[in-house]
Structure formats: C-alpha cells, structure tokens
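Summary of structural features
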Amino acid sequence: MRTIIDPCHTKNGGLALKGPDCTCAPLCHAHHLEYDAGRKRFEKKYVIDMPAEAAMCYAIYERKKAA
C-alpha cells in the first residue's frame with residue numbers, strides 16, 4: 001500500500017483561496033480532511049501546532065534548497 005501525502009495549508013489566502021506554500025505541512029489524505037473539518041479540534045486532539053509544523057517544514061525546505 002502506498003501512502004499519499006497531501007500538502008495541508010495551515011493559512012487561507014482569503015475567500016476560498018489556498019494559502020501560500022510556505023504554510024503547508026504534510027498530512028495523509030484522511031488527516032488532511034480531518035484538519036480541514038475542524039482545525040482547532042484537530043490540533044487539540046493530536047496536541048500539535050500546525051502553523052508551527054508548517055514553518056518548520058518550510059525552514060527545512062529552504063535549508064536544503066540553499067545547499
């Protein structure tokens with residue numbers, strides 16, 4: 001079985017627009033749907049700060065891109 005990773009935007013771009021790619025965190029499809037259904041509930045259930053996770057992922061990406 002293959003795992004598919006969805007880029008999960010933690011910030012909206014406004015009026016049904018996705019946020020910038022620097023606000024993405026990787027989630028499986030099922031967890032992405034759960035996050036979109038209730039962001040605060042998701043963060044409380046899994047004890048996670050999704051915007052902080054997205055920032056960490058983007059920082060890693062930037063470091064690897066610069067190398």
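Scroll up to find the structure.
Here's what I pulled together on the structure shown here. (Residues numbered from 1 in each chain as written. Predicted model: local features only at pLDDT ≥ 70, side-chain atom pairs only at ≥ 80, totals over all residues. Heavy atoms only, no water.)

So, on to the overall build of the protein chain. A count of helices and strands for the protein chain gives three helices and four strands. Across the protein chain, helices and strands are ordered from the amino to the carboxyl terminus as β-β-β-β-α-α-α. Out of the 67 residues in the protein chain, the part that is buried amounts to 24%. In the protein chain, the proportion of contacts linking residues at least 24 apart, taken out of those at least 6 apart, comes to 37%. With the model as given, the accessible surface of the protein chain reaches about 5200 Å², and the carbon-plus-sulfur share is 63%. (Helix = DSSP H or I, 4+ residues; strand = E, 2+ residues; numbered from the N terminus. Buried < 20%, exposed > 50% of the residue type's maximum accessible area, 1.4 Å probe, protein only. Contact = heavy atoms within 4.5 Å. Areas by Shrake-Rupley, 256 points an atom, 1.4 Å probe, with all protein chains shown as cover.)

The next point concerns the environment of E62. For E62, the location among the structural elements is in helix 3 (residues 50–66). Linking E62 and C22, residues 40 residues apart in sequence, is a C-alpha distance of 9.7 Å. A distance of 3.3 Å separates the side chain of E62 from the side chain of K65, its partner in a polar contact. (Polar contact = N/O pair within 3.5 Å; in protein donor to acceptor, adjacent residues only side chain to side chain.)

It is possible for side chains bearing opposite charge to pair when their charged atoms get close. Following the criterion strictly, the structure yields three salt bridges and no others. As a salt-bridge pair, K45 and E34 come within 3.0 Å of each other at their nearest N and O atoms. Of this pair, K45 sits in helix 2 (residues 39–46) while E34 sits in helix 1 (residues 29–37), placing them 11 residues apart in sequence. Linking K65 and E62 is a salt bridge whose minimum nitrogen-to-oxygen distance equals 3.3 Å. Here K65 and its partner E62 are both found in helix 3, three residues apart, which amounts to about one turn of the helix. Overall, K65 belongs to the exposed group, its relative accessible area being 52%. A residue is classified by how much of its surface remains accessible, and E62, at 28% relative accessible area, is partly exposed. (Salt bridge = Lys/Arg side-chain N within 4 Å of Asp/Glu carboxyl O.)

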